[in-house]
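This is what each chain is made of:
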Amino acid sequence: MHVGIIGCGQLARMMALAGWDMGLRFSFLASEGESTTCVQGLGNIVLHTPGHTAEQVYQDLGQPDVVTVERERVDYALLRGLADHCAVHPNADAVEACGDRFREKQLLDSAELPSAPYAIAETAQDVRAAAQSLGLPVVVKSPTEGYDGKQQWHLLTEKQLEAFCEENPPGAWLVESRVAFEREVSMIAARSADGDVTLYPPTENRHRDGILLTSIAPAADMGPLHEKACQYISTLLEAMDYVGVLAMESFVTADALLINELAPRVHNSGHWTMHGEVSSQFENHLRAILGMSLGATQTSRCHGMINILGGYDQRGTLLSLSRDARLTDYNKSHRPLRKLAHINVCSASRENVEEQLLSLHDQLYSGSTPAV
Ligand code: AMP
């Protein structure tokens, strides 16, 4: 079987490496200017140029059996066009529904699922009015630009609100209440073509400056919110008639789970599954989109993951990893704060995983933050 992947980043790389073990072939669609080093040697790489029709893309990819996506920004018309030639999973409507923050909020509202209170603003006056009605602090986000906390402003004071309004041109902004969360948790779930759903245990994520730094799974006991998290993601999978892996990032407050973001693909917070006693998120995504039954997702051990970001001298740490640690490198050129690799650790004891993550964090990030 042949899988075409839209995008050439580390998620495409890890999916292809999992798929090679399953006897699959791959091809990759790159946008103009997109780096392809992650997928070099893993299959045919096709450059998507303006005017390239869906039929041509399908032929150039080598007539894949199924096409899937690995990155944030996707040409939805292309996805819809490709669906005339082969299977496309997840479907274009689902990818589009998760593709910008306004649509995501609409989807959550229509499914009656909770997220941070929000308003949509176009002018500085709208942003002020939204901040007034929601109450400071607020977070202003671009609907489409931005990942890893980019294009996102946390406005805590009137002064910061005014500065934002003066410095930013009118446009379209999502103004959201700033949630005083206790922790951030993501759910990763897979849904097969015949509607079977399987969920990995919730993963607890710690970010720095909006960038995911570490994950630990299973997340510490969430009480009744665990059941809610399972219900929410299952509802979304059904509502979108979704096939493949979906990630749902949420804020955990004292008494609620608020959904922050959906990713219609495999996700950084699911990288720990690569070295668990489970089928990895990459394998399960492939199994789902190829019409296969799904693999195991439950684990009796504790798993941790730490991202390796560019801009720090990390050679010493990588040369002396512990026996429990497994390194996955993405074959990317170094840039400050770019995600270059990750390390997974695993143990029967949660304390031990926490200690290992802390120690790796101190070794990897002891220098000052690099300028981006
Ligand atoms: P996002 O790009 O929406 O995933 O946001 C990146 C990170 O910014 C999140 O993981 C949170 O740590 C933080 N963040 C985003 N939105 C909010 C919010 N409404 N309240 C508090 N923190 C937020």
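For clarity, every value in this text was computed on a predicted model and none was experimentally measured.

Reading guide: rules and limits
- Residues numbered from 1 in each chain as written.
- Predicted model: local features only at pLDDT ≥ 70, side-chain atom pairs only at ≥ 80, totals over all residues.
- Heavy atoms only, no water.
- Helix = DSSP H or I, 4+ residues; strand = E, 2+ residues; numbered from the N terminus.
- Rg over C-alpha atoms; globule rule 2.2 N^0.38 Å.
- Buried < 20%, exposed > 50% of the residue type's maximum accessible area, 1.4 Å probe, protein only.
- Contact = heavy atoms within 4.5 Å.
- Areas by Shrake-Rupley, 256 points an atom, 1.4 Å probe, with all protein chains shown as cover.
- Lys, Arg positive; Asp, Glu negative; His and termini not counted.
- Charge placed at Lys NZ, Arg CZ, Asp CG, Glu CD.
- Axes fitted to C-alpha atoms, helices over the stretch in contact; angles between N-to-C directions.
- Parallel < 35°, antiparallel > 145°, perpendicular 65-115°, else oblique.
- Left-handed = near helix turned anticlockwise from the far one by under 90°.
- Nonpolar A, V, L, I, M, F, W, Y, C, P; charged D, E, K, R; others polar.
- Polar contact = N/O pair within 3.5 Å; in protein donor to acceptor, adjacent residues only side chain to side chain.
- Domains from an automatic or database assignment.
- Near = heavy atom within 4 Å.
- Core = buried A, V, L, I, M, F, W, Y, C linked by side-chain atoms within 4.5 Å.
- Pairing = 2+ DSSP bridges.
- Phe/Tyr/Trp six-rings, centres within 6.5 Å; stacked < 30°, edge-to-face > 60°.
- Lys NZ or Arg CZ within 6 Å of the ring centre and 35° of its normal.

**A look at the overall build of the protein chain**
Looking only at helices and strands, one finds eleven helices and 18 strands in the protein chain. Against the globule reference of 21 Å for 372 residues, the protein chain gives a C-alpha radius of gyration of 21 Å, in line with a compact fold. Sorting the 372 residues of the protein chain into buried and exposed places 54% on the buried side. Within the protein chain, counting contacts between residues at least 6 apart in sequence, those at least 24 apart form 64% of the total. Accessible area of the protein chain: about 16100 Å², with a carbon and sulfur share of 48%. For the protein chain, the centre of its 29 positive side-chain charges and the centre of its 47 negative side-chain charges are spaced 5 Å apart.

**A short note on the packing of helix 6 (residues 124–134) against helix 7 (residues 158–167)**
Across the interface, helix 6 lies against helix 7 with an axial gap of 9 Å and an inter-helix angle of 160°. The angle between helix 6 and helix 7 falls in the class roughly antiparallel. The hand of the helix 6/helix 7 crossing is right-handed. In contact with Ala124, Val127, Arg128 and Ala131 of helix 6, helix 7 contributes Leu161, Glu162, Phe164 and Cys165. In terms of residue class, the contact of helix 6 with helix 7 is made up of six nonpolar, no polar and two charged.

**Looking at helix 5 (residues 101–110)**
Taken as a whole, helix 5 has its buried residues at Arg101, Phe102, Glu104, Lys105, Leu107 and Leu108. The opening residue of helix 5 is Asp100, an N-cap whose side-chain oxygen sits 2.8 Å from the backbone nitrogen of Phe102. In the stretch just after helix 5, Glu112 is the one whose phi turns positive, near 55°.

**Some thoughts on the domain arrangement of the protein chain**
Many authors give the size of an interface as the accessible area that is lost as the parts come together. You can read the domains of the protein chain as domain 1 (2–88), domain 2 (117–177) and domain 3 (183–364). One C-alpha centre belongs to domain 1, the other to domain 2; they are set 35 Å apart.

**Digging into unusual backbone geometry**
Of the consecutive residues Leu136 and Pro137, the connecting peptide bond is found in the cis state with omega at 0°. Checked against the element boundaries, Pro137 lands in the loop between helix 6 and strand 7 (138–141). Not every positive phi belongs to a glycine, and Asp209 is a case in point at roughly 50°. Within the element layout of this structure, Asp209 appears in the loop between strand 12 (203–208) and strand 13 (211–217). Unusually for a residue other than glycine, Leu337 sits at a positive phi of about 65°.

**Topic: the site of the ligand**
Neighbouring the ligand are 15 residues; Lys141, Glu176, Val179, Glu184 and Glu261 lie closest to it. Between the ligand and Arg101, the relevant distance is 3.0 Å, taken from an oxygen atom to a side-chain nitrogen or oxygen of the residue. Broken down by secondary-structure element, the contributors of at least two residues to the shell around the ligand are strand 7, strand 8 (152–155), strand 9 (173–177) and strand 15 (257–263). By residue class, the composition of the shell around the ligand is four nonpolar, five polar and six charged. Here the shell around the ligand spans two domains, and each of domain 2 (117–177) and domain 3 (183–364) adds at least three residues to it.

**Here's the deal with the nonpolar core**
If you look at the biggest cluster of nonpolar residues, it comprises 37 residues, and the most contacted ones within it are Val3, Ile5, Phe26, Phe28, Phe282, Leu286 and Leu290. Top contributing element to this core by residue count: helix 1 (residues 10–21), with six residues. Each of domain 1 (2–88) and domain 3 (183–364) contributes no fewer than three residues to this core. Ignoring sequence-local partners within four residues, the contact set of Phe28 consists of Ile5, Gly7, Cys8, Ala12, Ala16, Val39, Leu42, Gly43, Asn44, Ile45, Val46 and Leu61. Of all hydrophobic cores here, the second largest spans 27 residues; its members include Ala94, Leu225, Met248 and Leu262.

**Structural notes on the sheet that holds strand 5 (residues 87–88)**
Strands sit in the order 3-2-1-4-5 across an open sheet of five strands; the sheet is parallel. Each having just a single partner strand, strand 3 (44–48) and strand 5 make up the two edges of the open sheet. Bridge count between strand 1 (residues 2–6) and strand 2 (residues 25–31): five bridges; the pairing is parallel. Residue pairing in the sheet places Ile5 in a bridge with Phe28 of strand 2. Packing against the sheet, helix 9 (residues 281–289) makes contact with strand 1, strand 2 and strand 4 (66–69), and its axis sits at approximately 140° to strand 4.

**Remarks on the packing of aromatic side chains**
Scanning the entire structure with this criterion turns up seven aromatic pairs. When the centroid spacing of 4.9 Å and the interplanar angle of 5° are considered together, the rings of Phe181 and Phe251 count as stacked. With Phe181 in the loop between strand 9 and strand 10 (183–191) and Phe251 in strand 14 (residues 244–252), the pair connects residues that are 70 residues apart, well separated along the chain. Its relative accessible area of 35% is what places Phe181 among the partly exposed residues. Overall, the relative accessible area of 9% leaves Phe251 in the buried class. Taken together through their ring pairs, the aromatic side chains of Trp153, Phe164 and Trp173 make up a single cluster. Over the ring of Tyr365 we find Arg208, and its NZ or CZ is 5.3 Å from the ring centre.

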